[in-house]
Amino acid sequence: MKGSRNQLRTEARRFGNVSLIALMLLSLCILSLIRARFTPYNNGKTEKAIEDDAEVKPNFKRLVVEEQPKETEPAEVEKEEEDIEEKSHTDSALASEVDLSKPTCFETSRRADMCEARGEVVVQGDAQKIFVRPMAQEWKIKPYCRKHDAFALSHVREWTLLPLDHVTPPPACTRNHSVPALLFSNGGFTGNLFHDYTDVLIPLFISSYKYHGEVQFLVSSLKSWWINKYILMFQQLSNYDIIDIDNEKDVHCFPQITAGLTFHKELGVDPSKTPGGYSIVDFKKMLRNSFGLERETAAPTGDQWDIRRKPRLLIISRKNSRAFLNERMMVDMAMSLGFDVRVGEPDINTDVAKFARLVNSADVMIGVHGAGLTNMVFLPAGAVLIQVVPFGGLEWLARGTFKEPSAEMQVHYLEYMIQLDETTLSEQYPKDHPVLKDPYSIHKQGWDALKTVYLDKQNVRPHLGRLKNTLLEALKLLPHGRSN
């Protein structure tokens, strides 16, 4: 009984092991079937199809490169960065050449402002605008040398200088120039001979002589008749045709520009303030070249004045005010002293070249205070200027306008002061009137009152005896002069 039970247990254990092995085999088969159906590698494709997928991958990468436009942006950004860097270097170079810590516009004297700019200069004439790179700030200027005279400046156009970087888009250049530009106005008081020279022509010489002709003149508020009157002088100072800049439709571009002229003093040049030390003597030389004037000095051809070459006296005549009422007698008296006498009456229509030759031929020039005496710029060195000063305490006016400039022009200066019995004012006012008794009370009323009374209403009749002494003194001052 015991042997039968052990045999049954052995068989049961063997059956269990077999069943376990069979179960394990069945599990392996099931796993194989699941793997074959759900594997991620072929996704239900054949091996050939998988190989085809591998061949497509390179083409896919190539198409991605071609179809992505952003791939080109880094190159464009790099180019923009190069442009910005190049512009930065250019601006830095310009800024190093132009000291931006200094103002672009400044006062050259109590009479005038000037703006100087270099780098990129764009001139839009019909808008009265000048664009500059580099420039720190906006400036405005009226380019005429009488900055505190509101009436004069009311006839002068204002110009604006603007940083070019702040303009979008900047004006496009239609005319490019390789020489500097010089902008000035011939508005103001031009047409009056004194103002022609002291406000414009001499400041223009000061500002442009250093360029030796290589400068382009831009004229604002241009008066064509005035330009034509002095064209021979402009041609000495610039090798280029003048541009009527207010009426220009072209946009002009320059390497540098000066707006406004440098003023030193009335009818004068301060050599200490000019490059190379040029002076009013150089200005007079320029005038001689302009108008073909022959005489540099007032000297006779021989050792003495004689009948063949008498010293010449030029009387500057006036008709409307401050006229010589005894002009004919003055001529006769001067001729009796041995003068060759000429009478000239310059006005706004006078041919400048013709009158310049007349003045240059003179050894002594006499006239009542007024614009006509400005012709002293044509006198040869060593000549004599006699200014007849009207009655009315006008010594200060005579001194500043013609006396002080004469020495630097190498011209001797004499003065003839009109006395109360030589002026027509004594016929117009009672003896105790302030006009006659206290001229300075009239001065205190302002320039208009002074001008109306003592310049506009007055004519003169010099005493021939007193005037004779003045002319004899002039003869002594001439080179190789004679005393009687």
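As the structure is a prediction and not an experimental result, all values here were calculated from the model.

Trainee: A description of the overall build of the chain should follow, citing residues and the corresponding values.
Mentor: Looking only at helices and strands, one finds 16 helices and 15 strands in the chain. A buried classification covers 45% of the 484 residues belonging to the chain. Relative to all contacts within the chain whose residues are 6 or more apart in sequence, the contacts with residues 24 or more apart total 75%. Accessible surface for the chain amounts to roughly 26,400 Å². Of this, 53% is attributable to carbon and sulfur atoms.

Trainee: Provide a residue-level description of the pairing of strand β12 (residues 340-344), including the pertinent values.
Mentor: Strand residues, when the strand is regular, have side chains that alternate between the two faces of the sheet. Pairing analysis gives five bridges linking strand β11 (residues 312-316) to β12, with the strands arranged parallel. The residue of β12 that forms the bridge with leucine 313 is valine 341.

Trainee: Explain the pattern of salt bridges to me, using residue names and the numbers behind them.
Mentor: Applying the stated criterion across every chain, the model contains 21 salt bridges. With its nearest N and O atoms 3.9 Å apart, the salt bridge here joins glutamate 404 to arginine 399. With a relative accessible area of 38%, arginine 399 lands in the partly exposed category. The network of salt bridges with common partners includes Arg111, Arg146, Asp199 and Glu266.

Trainee: Can you tell me about the packing of aromatic side chains, naming the residues and giving the values?
Mentor: In total, this model carries 14 aromatic pairs according to the counting rule given. For the pair tyrosine 197 and tyrosine 230, a centre-to-centre distance of 5.9 Å together with 85° between the ring planes defines the contact as edge-to-face. Placement of the pair is tyrosine 197 in helix α5 (residues 193-208) and tyrosine 230 in the loop between α6 (224-229) and α7 (231-237), with a sequence separation of 33 residues. Ring plane angle 65° and centroid distance 4.8 Å describe the contact between tyrosine 209 and tyrosine 278, whose orientation is recorded as edge-to-face. Note that tyrosine 209 is positioned in the loop between α5 and β8 (216-220) and tyrosine 278 in the loop between β10 (251-259) and α8 (280-291), a separation of 69 residues in sequence. Since its relative accessible area comes to 29%, tyrosine 209 is described here as partly exposed. Judged by its relative accessible area of 5%, tyrosine 278 falls in the buried class.

Trainee: Tell me about the packing of α5 against α8, residues and numbers included.
Mentor: With their axes 10 Å apart at the nearest point, α5 and α8 run at an angle of 95° to one another. Relative to α8, the element α5 lies roughly perpendicular. Packed against α5, whose contacting residues are Tyr197, Leu201, Ile202 and Phe205, the element α8 presents Ile280, Asp282, Phe283 and Met286 at the interface. Here the contact of α5 with α8 is composed, by residue class, of seven nonpolar, no polar and one charged.

Trainee: Tell me about the sheet that holds β12, residues and numbers included.
Mentor: Taken in spatial order, the five strands of this open sheet run β12-β11-β13-β14-β15, and their pairing is parallel. For this open sheet the edge positions go to β12 and β15 (412-417), each flanked by a neighbour on one side alone. Averaged over all pairs of adjacent strands, the angle between their axes in this sheet comes to 20°, without regard to strand direction. In the packing of helix α9 (residues 327-336) onto the sheet, the strands contacted are β11 and β12, and the crossing angle to β12 comes to about 155°.

Trainee: Tell me about the nonpolar core, and please be specific about residues and values.
Mentor: Within the largest apolar cluster, 100 residues are counted, with the highest numbers of intra-cluster contacts made by Tyr197, Phe283 and Phe378. The leading source of residues in this core is α5, at nine residues. Residues within four places of phenylalanine 378 in sequence aside, it is in contact with Tyr197, Leu287, Phe291, Leu293, Val352, Ala356, Val359 and Asn360. Membership of the second largest hydrophobic core comes to 19 residues, among which are Val121, Met135, Leu183 and Ile257.

Trainee: Could you give an account of the state of the cysteines, naming the residues involved and the relevant values?
Mentor: Per the counting criterion, the structure on display carries two disulfides. Here cysteine 173 is linked by a disulfide to cysteine 253, with a sulfur-sulfur distance of 1.8 Å. Disulfide cysteine 173 to cysteine 253: torsion about the S-S bond roughly -85°, handedness left-handed. Here cysteine 173 is found in the loop between β5 (159-163) and β6 (175-176), whereas its partner cysteine 253 is found in strand β10, with 80 residues between them in sequence.

Trainee: Tell me about the environment of cysteine 115, residues and numbers included.
Mentor: Structurally, the position occupied by cysteine 115 is in strand β2 (residues 112-124). Residues cysteine 115 and leucine 183, spaced 68 residues apart in sequence, show a C-alpha to C-alpha distance of 9.6 Å. With sequence-adjacent residues up to four places away left out, cysteine 115 is seen in contact with Thr104, Cys105, Ile141, Leu161, Ile257, Thr258 and Ala259.

Trainee: Lay out α8 with the relevant residues and their values.
Mentor: Relative to the 16 Å expected for 12 residues at 1.5 Å per residue, α8 spans 17 Å between its end C-alpha atoms, a close match to the ideal helical length. All of the buried residues along α8 are Ile280, Phe283, Lys284, Met286, Leu287, Arg288, Ser290 and Phe291. Those residues of α8 that are buried lie in contact with α5, α7, α10 (352-360) and α11 (395-408). The first or second residue beyond α8 is glycine 292, which carries a positive phi of 65°.

Trainee: With reference to specific residues and values, describe empty space enclosed by the protein.
Mentor: One pass over the structure, following the stated rule, counts one cavity of 30 Å³ or more. When its volume is computed, the largest cavity comes out at roughly 40 Å³. Lining the largest cavity, in full, are Leu313, Ile315, Met330, Met333, Ala334, Ile366, Leu467 and Leu471. Examining the composition of the lining of the largest cavity, we find that three residues originate from one element, α9, more than from any other. Looking at the lining of the largest cavity, its residues break down into eight nonpolar, no polar and no charged.

Trainee: Give me the environment of arginine 357: which residues, what numbers.
Mentor: Along the polypeptide, arginine 357 turns up in helix α10. According to the relative accessible area criterion, arginine 357 is partly exposed, its value standing at 43%. With 63 residues separating them along the chain, arginine 357 and glutamate 294 place their C-alpha atoms 8.1 Å apart. Each residue touching arginine 357, except ones within four places of it in the same chain, is listed here: Phe291 and Leu293.

Trainee: Talk me through the side chain of threonine 274; I want residue IDs and the actual numbers.
Mentor: Relative to the elements of secondary structure, threonine 274 occurs in the loop between β10 and α8. Exposure remark for threonine 274: the relative accessible area of 8% places this residue in the buried category. A distance of 3.0 Å separates a polar side-chain atom of threonine 274 from the backbone oxygen of proline 271. If near-sequence neighbours (up to four positions away) are discounted, threonine 274 is found in contact with Ile206, His264 and Val269.

Calculation notes
- Residues numbered from 1 in each chain as written.
- Predicted model: local features only at pLDDT ≥ 70, side-chain atom pairs only at ≥ 80, totals over all residues.
- Heavy atoms only, no water.
- Helix = DSSP H or I, 4+ residues; strand = E, 2+ residues; numbered from the N terminus.
- Buried < 20%, exposed > 50% of the residue type's maximum accessible area, 1.4 Å probe, protein only.
- Contact = heavy atoms within 4.5 Å.
- Areas by Shrake-Rupley, 256 points an atom, 1.4 Å probe, with all protein chains shown as cover.
- Pairing = 2+ DSSP bridges.
- Salt bridge = Lys/Arg side-chain N within 4 Å of Asp/Glu carboxyl O.
- Phe/Tyr/Trp six-rings, centres within 6.5 Å; stacked < 30°, edge-to-face > 60°.
- Axes fitted to C-alpha atoms, helices over the stretch in contact; angles between N-to-C directions.
- Parallel < 35°, antiparallel > 145°, perpendicular 65-115°, else oblique.
- Nonpolar A, V, L, I, M, F, W, Y, C, P; charged D, E, K, R; others polar.
- Core = buried A, V, L, I, M, F, W, Y, C linked by side-chain atoms within 4.5 Å.
- Disulfide = S-S within 2.5 Å.
- Expected span 1.5 Å × (residues − 1).
- 1 Å grid on protein atoms, 1.4 Å probe; cavity = no way out; pocket = protein on both sides within 12 Å on 5 of 7 lines; lining within 4 Å.
- Points joined across faces, edges and corners; volume = space filled by probe spheres on them.
- Polar contact = N/O pair within 3.5 Å; in protein donor to acceptor, adjacent residues only side chain to side chain.

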